[in-house]
Every structure is written in C-alpha cells, then in structure tokens.
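Summary of the model geometry
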4 protein chains.
Amino acid sequence: MSGNTFGKLFQVTTYGESHGKALGCIIDGCPPQLEISTDDIQFELNRRKPGQSDVTTQRKEDDVVEILSGVFEGKTLGTPISLIIFNQDQRSKDYSNIKDVFRPNHADITYQAKYGHRDYRGGGRSSARETAMRVAAGAIAKKYLNLKGIHVDGYVSQIGSISADEIDVSNAKSNKYFFADESKLEDLDIMFAELIEEGNSVGAKLGVRVTNCPIGLGEPVFDKFDADLAKAIMSINAVKSVSIGNTHNMLDLKGSEVRDEMTTAGFKSNNAGGILGGITNGDLIELEFIIKPTSSIKSKGQTINADGEEVEVEVTGRHDPCVGIRAVPIAEAMVNLVVMDHLLRNEAQCGMIDQASPFKK
Amino acid sequence: MSGNTFGKLFQVTTYGESHGKALGCIIDGCPPQLEISTDDIQFELNRRKPGQSDVTTQRKEDDVVEILSGVFEGKTLGTPISLIIFNQDQRSKDYSNIKDVFRPNHADITYQAKYGHRDYRGGGRSSARETAMRVAAGAIAKKYLNLKGIHVDGYVSQIGSISADEIDVSNAKSNKYFFADESKLEDLDIMFAELIEEGNSVGAKLGVRVTNCPIGLGEPVFDKFDADLAKAIMSINAVKSVSIGNTHNMLDLKGSEVRDEMTTAGFKSNNAGGILGGITNGDLIELEFIIKPTSSIKSKGQTINADGEEVEVEVTGRHDPCVGIRAVPIAEAMVNLVVMDHLLRNEAQCGMIDQASPFKK
Amino acid sequence: MSGNTFGKLFQVTTYGESHGKALGCIIDGCPPQLEISTDDIQFELNRRKPGQSDVTTQRKEDDVVEILSGVFEGKTLGTPISLIIFNQDQRSKDYSNIKDVFRPNHADITYQAKYGHRDYRGGGRSSARETAMRVAAGAIAKKYLNLKGIHVDGYVSQIGSISADEIDVSNAKSNKYFFADESKLEDLDIMFAELIEEGNSVGAKLGVRVTNCPIGLGEPVFDKFDADLAKAIMSINAVKSVSIGNTHNMLDLKGSEVRDEMTTAGFKSNNAGGILGGITNGDLIELEFIIKPTSSIKSKGQTINADGEEVEVEVTGRHDPCVGIRAVPIAEAMVNLVVMDHLLRNEAQCGMIDQASPFKK
Amino acid sequence: MSGNTFGKLFQVTTYGESHGKALGCIIDGCPPQLEISTDDIQFELNRRKPGQSDVTTQRKEDDVVEILSGVFEGKTLGTPISLIIFNQDQRSKDYSNIKDVFRPNHADITYQAKYGHRDYRGGGRSSARETAMRVAAGAIAKKYLNLKGIHVDGYVSQIGSISADEIDVSNAKSNKYFFADESKLEDLDIMFAELIEEGNSVGAKLGVRVTNCPIGLGEPVFDKFDADLAKAIMSINAVKSVSIGNTHNMLDLKGSEVRDEMTTAGFKSNNAGGILGGITNGDLIELEFIIKPTSSIKSKGQTINADGEEVEVEVTGRHDPCVGIRAVPIAEAMVNLVVMDHLLRNEAQCGMIDQASPFKK
C-alpha cells in the first residue's frame, strides 16, 4: 500500500536505499516450472549498470545478484522469488555537505516533508539505484514472455536536440547511447564531450515496442493496458511524459485520417499503438516517453536547508550527462512486468474461454 | 482485479454498459461525516453531459443521479456510497448494422477477442458513457478536498490546430469549448461548423491543475503521485499521452536551466509540475494530456466483421466533432480521485507525525 | 480497503443499509459467457429470506433481485455484474427508542464510536440484512462451480442443546430448521415454541461441505484455503468460532491417530478436512462454525445512551429465536465465493501447467 | 496475490524455503520515525526458536536477523523494511527417503499437485520455519503498539488432555510450555517424557489476549476485526479452529444470558471477546485456537509416492511432541500484525474525526 509493489498477479515488491546494506525484491505469483538462473538476471543488470562507458556515471556498481528463494533445481517453485544485491560500497563517505540541504530537482525536500526522516546518503530510497531491482524482476518476466514469443525492445530516439531520423531498434542494442539511429553517433560523441566538460546535462526521448503481444490483454475500464503502461513508465525516475501510439501529429490530423481501418490481414495503420479500448489488439505496441535532464550536475544551485535557511549546494562526484540512456533496460523491464501481469490477469478471468484473433493471419 | 476499481483507500468501483439498465458505482472508504447531497454530484454530471451545445453529441442523457446508500441525514456514514443513474433511453434501436462489425478505432474488436461476447449497443462497457460514474464519484472527492482548500481545475488548451496563446483557467469555465483562451472562440466556431458539415473530428490537448495541494502526497517508488496521475488520465477513453510539468522544451534545455531552485519563499520555477521523486512538493501541480480525434465519424470505414470478412461500416447518428471538450470534467474527476486517495494513504502511514513544509510561507 | 469487498479475483463489493433505499453489490472478475438469470439468484435469496416459517423473524422481505449490468443476452460479459434489491419497507417507523441508545450485543456502540455517525434504523449497515447480497453474489459463483461439478452444502447440526446424532446433509434441505438430523425435529418444535413464548434466543452449530473440490486450490502461506474459509465464515454476523476438519477430539488423540494416511485410492481418513498446508487435497472439505444466540430479544436490557447515561432498552418486534438457522444459505454463499476466488487464483498462476491428482481415481 | 503477503496497510510479504539460502520479509507501510533495532526482533525470534528445551525439536536454528533496509540511524524511514535470516544449515543432507514420497499430514502432496515441482527439503515453503518471519515482522508491529499501550499476550491452555484450571497469562512467560497454569507443569513433564519415548505427538489449545485495544478498529462487513483475526490465526501451520470470545458454553446459554449489558463503567461481561459487529469495543480482546498434533512423528506411516505407488514412510530426526507450544510467539505476532494493520486502516478513513469511547472511564 505504501507503493513499493508493482503488479497485481505478478507482484514485485522492492526494497533498499542507495547506500544501505542491500537492494532486493520479492516476486510473488510467478508460474512454477520456469527455468531461471542468476545469469538471466545478471545479463539485464549488466545492461543497466553505470560505469560501462565514458557517457554514464563512473560509480562502480559491480552488482551481483543472488537468488535467495523460489527457485529449486533451476526451476521456479511457484513460491516467492527473492533477489538480492548487496551494496559493496558502503564506506562512510562524508555527506555533511548534503545531509541537511535539499538538492534542487531531487526528492530530498519531499521525503523530508513526508517522513520527517530520510537517508540522505546518495538519495536513499529515491535514488535511481532502486531501479536495479526493477530490471532484475523484469528479467524473470522477460524469460517467461520470450518463451511465448513476446519481445520487448527499447531505444533512445532523441538526446537533447539530437534526434533519430529513423528508428532502427537493433541499433539500440549495439551502441553506448542505446540510440536508434547510428548515423548520429558522432554528433552525440561531440555533445557528450561538451556536456561532461561543462558539467551539465540534457534530457532524452525514448521508446519501447512489444512485438507479438497477444490480442486481449488489458482490463477495462481503469486498469487499461495503456493506463498501466503509463503508470509503469511514469514511475521511473525522471520520466515526465508518456505517449501511446502515434501522438506526433495527432492534433493536425482528422478522425478520418487516424482511425486504423482493418482488412482480413490486420490493421492498415497503427496510430493506436496496438491498444484499443485499453485492450491489446494484436498489433505492435508502441510507446514513447521523455526523461528530464539529470538533476545532479556540477554547477552550484540555490536552495534551502533543513532549518529553512537559504544556501548554495554543490553536488560533487561524476554524474550522467543524460540519465535517459540508462533508462532503456529499466523501461523494458517495466513493460515486461506490465505484459506479464496482464497475461496472468487475462488467464485468470478468460483462461477457460477460447480467445482468438479475428484476423486471418 | 478486473480493472473496474480505481483507488486503494478511496476506492471507486463502477459498472454499467452504455445501453444497459443503469450505470452506477460504489465508493468505499469515504471518511464519515462529510456533508454530501445529490446536488453536489448532479452539478458535475451536468458539466459533463452531452447535448448541451451544438458542439457536442446530441444524444440526450438526462442523467439523474441517486444516492442509494452510505449517506444518512445528509452526511456520509463511512459505509459504502452507492450512486446510480438509470438509463432512460433503452429502446431497442436497430443495431444490426454494427452488431457483428468492428468499428475502426473502437474497442469492438478487442472486447470480442478478449471476452468472446460483447454488448454491441453503443459500445457497451467501452462507451465513454462509462465516465459518467467517474464524474459522479469525483464529485464526492471534490467536496472533501474543497473543504480543505484543495482545488482541481481543467481546461482545453488546443483543439485540432487551434491552440491557446495563454492559459486562463477561469475562461475554461465560461465557454462551451472549456477553452482556456477566449480570444480563439471565433476560430473554434468556424472550425466546428466545418467539422460538423464534414462529419469529421479532431483531437485536443487539455490540462489540469491542482492548487493548494499539501506537500507530502504520493508513495514511492511505484505509486508515485505522478505515476498515479498518468494512469488516471490515460485510463480515460481516447487519451493517448500524459505529461507532468513542463515538457514543452525539456529536450532543448539543460539540467542547469530546468532544475527548480529554491528560496525561503518556495521554488523559483516549477518545471517539475509540483512533484519531486513522486511526492508532491507543495507547488502547483500541472499536467497535460492529448486526446485523439473522436472515433465515430460520418464517413464510411473499411473493416472486418465477426466472420472475418471485409466490410464497410458507417456509424450513423450525430457525434462529437471533438470528444476532448467533454473530457474536462472527467479529467478533473480523475485528478480529484487521485488526490483524495493519496491524502488518505498519507494519513494512514504518516498521519501521526508532523508533516511540515520547509518553506516560510 | 474499508472492508466491503470480498475476494481478490472474483471480487464482490456490497453496499446498503438495512432500511436505506437499496442493497446491492458489484461482482467483478466473473468469467465471460456464463449463463446467468435472475432466477438463479432469486432461488438462493428465497432460501435465506426471513418470514418463511414460524421459526424465523416475521419481517417481510420480499426481496426481488435485479441484474443491472454485466449480463447480456443471458450470458455474462466479463464486465462488472451489478445486482440490486430495493428495500420495499422504508416507511419512517418510529425509531426514537433506539436512536440514541446502544442495544446490548449489537454493533450500535462500535459504529458510533468508529464513525461518529450511524444509521440507527434496524442496525443500518451492521444488520444481517447485508448478507442478502452475499447470497446473491454467491449464487453466481455457485452456478459456475456447479457446472464444474463442485457442490457446496450447508446444514445445522446443533441448536441450543439439541444436537444431531448423525449428519445427513440432504435433511438440511427439507426442513425449516435446515437441520441435519430429522429425528430431532419434534424436539426442536418444542424448544422453539418455548423460546418464542419466552422471547429468548439460542445459539447454533452449523457445517458446510464442499464435494468434488479440485486438488491444488489455496495460496500459501497467508491466503491458505482454510484461512480464507475462516475469514469468510467469521465475517458472517454472529459467528464466533470456525473449525476445519475434525476438531472434535483433536486434543484427545495422538499424532499417529489423526494423520490421514494414504493409499492409491486416496486418503484413509479425513481429519484434515480436505486441506493440507493450506491447499485443497481433493478430499471432501468440511468446516463447522458456531453462531451466538440472536442479540435482539424481548427482555429489557441494561445499557447506556449516546450521552453516556445508563438506560434500559427494549427491542420491540418479533425476532429469530435462533439466527443460526438462516445462516445456512449465507455460509454456503461465502464458501462458494472462496472456492470461486481460489479457482481463478489457481488458474492465474498455475493454469498453464498440468495439475494432476496423484491418486488413481 | 499468491498469498505471501499479509495486511493491507501494514503489509508483510515473506519468502524462503526451509532449507534454502535464506528466509526474509519486506514490511511496507510502517510509519516513519519508529525506533527499531535488531534486538527488538531477535528477542521475539529467540522466544520462538526450537531447541531451547527438551520439549521442542532439537534442530539448531541459531537464527540471527539482519535489517537490510528501511531503518536509518535507528529509526524507520517509512520505506520498506527488509529483514533476513540466512539459513546456516544447508548441508545437502540425504533426502532420498522423502524426495518422492508424500508424508502423511504434510503438504507434500498438495504442493506437488498444485505446482508440479517442490522443494522437498524439510517441507520447503510449507515448513513451520516460514513462521520465523511472521515473528520478526510482528516484533516491529509490537514495538509500535506497545508505545501506544496496546499489549498482545499468548498462552497455552491445554496440551493433549492436560488442561489449565485457571488462566494466568504471566505464567505463560515463565515456563517452557508457555502454559497458563503452573500447577500442571509436573503433569506436563510426565506426558512429554512419554511422548518423546513413544515418538508420538499431541495437539494443543492456545489463547491470545489484547489489552488496551482502542475502540473502533475493524472494517465491516468482510474485513471485520474478528474475521481478520480468524484468518491470521488459521493461516498458522497446524491450526484447525479459531474462536472469538466465550464459545465454551455458547450453545447451552440463551440470548438473555450472553449479551454483554453495559453500564457507564463499561461492559458487564465480555462474551463478545471485545468485538461487536466486527469492530473493537474497547474491552479485552480474547481468542482461542486449536493446533493439531505434530505431523512429523517417529512411527512409520502408509502413503504413496510420486509414481502413485503405495509405500511406507518414516520421518527421521527429532521433532516437537507438541508443535503448539512454539505457536505462542507466532500467534502473538499475527495478532500484533492484525491490530497494527487495522490501526492504520482506521487512521486512514477515520483519522480526522474524533473517535471517543462512550464509557466514562
């Protein structure tokens, strides 16, 4: 109820502060007999981890995940799966400069106001480090979905003002920016060099696609598939906007132009982004989202402290010039969790009826 | 679990098909001793109701709400509040033209695929008529929040290509377009005349603001205040995009430009839209969303029928040239529900501690 | 969250005060395509209704149930099913004698203390009248389960000090006491005549059996099948005790005597009551429960009023000498709801694997 | 949803198999600023732990609990609290004798049927070892409740046929049987010596009391305080029966004898066990429950194996002659969790109104 659980049937509950002893999660509701290993999970964690290139923060997070329960002889038991990553780097760094100061654009001030007590070390629970467990849990959903032929792929389509001319999702897997248009890599290198020099940051636009998603997932009227996607994505740190399907020119076009007409072969277009009335229509699911510029930057900022006095704060250390880059595996994980959860929800209510696509495919 | 419930502590569960006997809802968790009357609810329903002007559908929905339980001697009992609107217009119109045909851009095909059985009359459960009960339930939350000085106001900022130059929320209350810039009313009149003539439709952009929202609402890390807002808004029929705070030029600006620095008087800017780390920061909450063009339009569309054959479908009757207009009271209702729910959630966990804003206001 | 919802996947939310406008419920999560009619529901309501014989209260409850949504052309849609019973007898009787007085053994005092405002007419929400909607909702679950060959049967095994020598569940369907041993009917007639004469009441012991329940239902470790049964039964008005399986001589026997050994044909005994480790084992499910004597009796009782003054209260009108009798259809309904909910829960997580009984049946 | 979570606002989710790497839990929803240390938790764990006397199993469980998150500088943060106990004794003992055999009175057969895959080592998830985390989580609730003056005390009132003549709760804290009547200790010593000699087991009857519980806790109509207590207790391994208040002679007494009349000083009796209409009435809360004889006993039992063949099984090792003894701290923990959860639920809906007892105390 305090918001640390995601999903209703495939339920992920996470815990952990950025600089506490450990991060972890419990996954409850995973079907039994699914083959899963730490390798499956570690692979996804490695994709997310910072310090892998010169364009992400150099904090060393040699996160090694362990499975503590729920898997026996290599297969899930149907009992809760507990995953844990111990924080290796807990040395008592000096936090005196931010202990009683609220960093601008951070959750310091809101955590303090809400709880009256906060773990100021590295942002505590509000740190993006929390998303490691989303990725870990998402890896288990991914394993299950891939076996059913369902695939979730994310990409970056814009960083600052540099935008992809065309989206090639496979590109996103092979460059350090997860960027969907490799013709822009050189421009990005130049921009990042400047940002690092300047100690500043930019925002980004990203996308996620689900291929081969079955028709019929999603629960009207509140837990619509798109509504749950929107929540999932908006719950990622720094995300400020989520769109489903084509919204690029939605305000310039008329109803007659954007309705997706149908033939026996399927939809003639996909402005809907694969969802109609909150239920998947069997077409490609497409979403996009915008991430704000990294909050932690080099230049001093004006703020107040816990005593209500005006002070300046300087966040030391190196940080991501664009936190959006690392959001690709996180967003993929969240979408995997949404698809998995709705797959089980659909199974519960409609599993005993014959659900068939009306298209002749 | 089948998605017809919204909220965790202030829980609204709705029911009803567009042309069934009745629409209704149960509101569970409302605090006791709140004065509430049918007038409070009817007022909001009337704002939403179609057929009020020449720019919305002429379907007569003389919706009269009744309170069936939960209110005694004018005050809430703390027991479930049941609201009902009987459908007056249930005559068995001839639906043979759409009974077995999937209207493009509608949920006909996905409901059929998911459930194998659907109420084809007026879209059944997928009809926007369902939102009447959101507005009714939202009216009760609104009553409570207004007593605490919290106000939620919606507006339309763009219809098709006509966009407000400036946002004046009070304007939205006094014109039939709920439009935030009255200097554009004449342009809108011309556009709507053309759309009606043509039998076509356009999309719209809307916004909602929450003034005087207390600091500290929202539950990290999944049930963030903005994540729940995104879900609430995306669950409204035809919504395709949701944004929190300033996302207009987020990709053109650097971190140093968009972080909201603080003084003792408060935040110097509000790019965050009143939410930091998923928790309200006491500033104005601002969100925007995009609604696609009305799906039901005059011109024939290509589609398939239940037998998988290609057919053309024509949706008769008059429809909204822009369904976005009527979404203002619906979106306000959903935001009222989110604020109310998080107020109670905050009360549950943090009600016994002193939650104070660090600003000297 | 305020406790008016039962079930997690087959969710029933009820509303209504005893003397309000209506009682009703929403059933969310019912599988689509189930044939259901008001007759199915009315049949169960009629079994519960008072005033049917000289041994239950003479209050006339000619409850007529209506289906408002979720059923179309005789079959469930998968959308929420709304059921309603309008209260016919709302005339403003004189309640001045109990308006500000807390009747002993009733919830008057606790509702007043919790909510500070209550509907004093006939107990308001705390009235056993609320259980009508449990019976109505249970009838839908029953319809579904019966199609799968699963049957739930209740009976009364003891009223006051008169106890059944043998349990014959079929007897319970043919006498006005729902009593499992018809050899005791004459004794019961005499006792009831005396109780009515005296204006007093007695308690009762009841049982419910589930035949043909599939193996594998129930969720360890908290939502065990027996734990959910215990909650379901204990949530019925006036129930004070719930037992699963054989507890009659559990304290006199040793482990070697009560463990249910197995052969290829099945269990050699059923002390477990059909549940092991919280999961159904395929054997007959057996539970028992105790209901306290009816609270509303003729004789004056000592109490206090809303001003904290000592007063005497006399509850007028005729009442059940043993409220336990009418609890049979209510308990059956609750058990049907538990089985139905766990059937869907099991389907969600384990629906895709092969669940087989290890017995050679 | 898969049943490993208890509570709605003070939510405890547990994980872990008996012989897996670790047991643990996440507590979400704990109010911030509560002082908590591992000592608070370890104290309760030590009370539950086996091997402390000659009358409980000699398995060494030197359980050392660690707090992994949610507590900072000695006080709760309001973020999820993660507790963990690493299993020290994971050596691969030879389980070949029970690997494919279903022990009578155990959950082996039902886990196998439900999930098709199980951890056979020591019962896996179905082991009573799982309750360690209930005790750990309960310790945090207890800390909070004790600060408010609310106390939960359990005791054993009967073991096999030896029954307490009088209940003195303080006795239960000072003898190894947790027995409420110390005059019976010698008799118990003799019985246990015989049971150990014989390798057999007996059942037990236990009770729990809550003193100083505020009036107004509990949610009608399904989440009644007593209904949630019943579920909480019935969810403990081996519990077969739960009673609230006086049910000893409920069937011998009439309504006029068991209704708890009131004076300005309070209730004249407490047959209700402190709960009316599902809501606490401010009086002492009293419940009782029965635990079946330990399933694991020395003597061979007849059963079947995974291939459906009849076999005999012998469970080696030493086991508790009466598992009921160790249930005292577990039951206390569950009751603490129920009170805590309902305290927060009451706070959420009614926290802003004045809830007062009508008695002049």
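All figures in this text were calculated on a predicted structure; none of them were measured in a lab. (Residues numbered from 1 in each chain as written. Chains lettered and ligands numbered in written order. Predicted model: local features only at pLDDT ≥ 70, side-chain atom pairs only at ≥ 80, totals over all residues.)

Copy one and copy two of the chain differ by a rotation about an axis and a translation along that axis. When chain A is fitted onto chain B, the two copies agree to an RMSD of 0.0 Å after a turn of 180° and an axial shift of 0.0 Å. Here the two chains are linked by the operation of a two-fold rotation axis. Minimal C-alpha distance to the rotation axis in chain A is attained by Lys231 of chain A, lying at 2.4 Å. Interface overlap between copies: 100% of the residues of chain A at the interface are likewise at the interface in chain B, consistent with a symmetric, same-surface contact. (Least-squares fit on C-alpha atoms with pLDDT ≥ 70 in both. Contact = placed C-beta atoms within 7 Å.)

Moving on, we get to the interface of chain A and chain D. On the side of chain D, 36 residues touch chain A, which itself brings 36 residues to the contact. Within the residue set of the side of chain A that touches chain D, elements represented by two or more residues are strand E2 (11-15), strand E3 (22-28) and strand E4 (65-69) of chain A. The biggest single contributor to the side of chain A that touches chain D is E3 of chain A, with 4 residues. Per-class residue counts for the side of chain A that touches chain D are 11 nonpolar, 17 polar and 8 charged. (Helix = DSSP H or I, 4+ residues; strand = E, 2+ residues; numbered from the N terminus. Nonpolar A, V, L, I, M, F, W, Y, C, P; charged D, E, K, R; others polar.)

For the rest of this paragraph, the subject is the sheet that holds strand E2 (residues 11-15) of chain D. Residue and element names in this part refer to chain D. As summarised here, the arrangement of the 5 strands in space is E1-E2-E3-E7-E4, forming an open sheet in which the pairing is antiparallel. Strand pairing shows two members of the sheet lacking a second neighbour, strand E1 (5-6) and strand E4 (65-69), which therefore form its edges. Taken together, the 5 bridges between E2 and strand E3 (residues 22-28) define a ladder with antiparallel strand orientation. Within E3, the position partnered with Thr13 by the bridge is Ile26. Along the sheet face, helix H1 (residues 38-48) touches E4 and strand E7 (81-86) and points at about 140° away from the line of E4. (Pairing = 2+ DSSP bridges. Axes fitted to C-alpha atoms, helices over the stretch in contact; angles between N-to-C directions.)

With that out of the way, let us pick up the packing of helix H4 (residues 131-147) of chain C against helix H8 (residues 327-350) of chain C. All names here are of chain C. Running from N to C, H4 and H8 cross one another at 50°; their axes reach a closest spacing of 8 Å. With respect to H8, the element H4 is oriented oblique. Viewed along their axes, H4 and H8 form a crossing whose handedness is left-handed. Mapping the contact onto sequence places Thr131, Arg134, Val135, Ala137, Gly138, Ala141, Lys142, Tyr144 and Leu145 in H4 and Pro329, Ile330, Glu332, Ala333, Met334, Asn336, Leu337, Val339 and Met340 in H8. (Parallel < 35°, antiparallel > 145°, perpendicular 65-115°, else oblique. Left-handed = near helix turned anticlockwise from the far one by under 90°.)

Quick look at the UniProt feature "binding site: FMN" (unreviewed entry) in chain A now. Per the UniProt entry, the sites bearing "binding site: FMN" (unreviewed entry) are Arg125, Ser126, Ser127, Asn237, Ala238, Gly277, Lys292, Pro293, Thr294, Ser295, Ser296 and Arg318 of chain A in this numbering. Position of Pro293 of chain A relative to the elements: it lies in the loop between strand E16 (285-291) and strand E17 (301-304). In contact with Pro293 of chain A, other than residues within four places in its own chain, are Ser201, Val202 and Gly203 of chain A together with Leu253, Lys254, Gly255 and Val258 of chain B. Assignment of secondary structure puts Ser295 of chain A in the loop between E16 and E17. Not counting chain neighbours up to four residues away, the residues in contact with Ser295 of chain A comprise Asn105 and His106 of chain A together with Gly255 and Arg259 of chain B. (UniProt positions renumbered as here; feature names shortened; annotations may be inferred.)

The subject of this paragraph is the interface of chain A and chain B. On the side of chain B, 96 residues touch chain A, which itself brings 96 residues to the contact. Contributing elements (two or more residues each) for the side of chain A that touches chain B: strand E1 (5-6), helix H3 (108-115), helix H6 (225-234), strand E11 (239-244), helix H7 (255-258), strand E12 (262-263), E17 and helix H8 (327-350) of chain A. If you tally residues by element for the side of chain A that touches chain B, the top one is H3 of chain A, at 7 residues. By residue class, the composition of the side of chain A that touches chain B is 35 nonpolar, 39 polar and 22 charged. Pairing between E11 of chain A and strand E11 (residues 239-244) of chain B: 3 bridges, direction antiparallel. In the strand pairing of E11 of chain B, Ser241 of chain A is matched with Ser243 of chain B.

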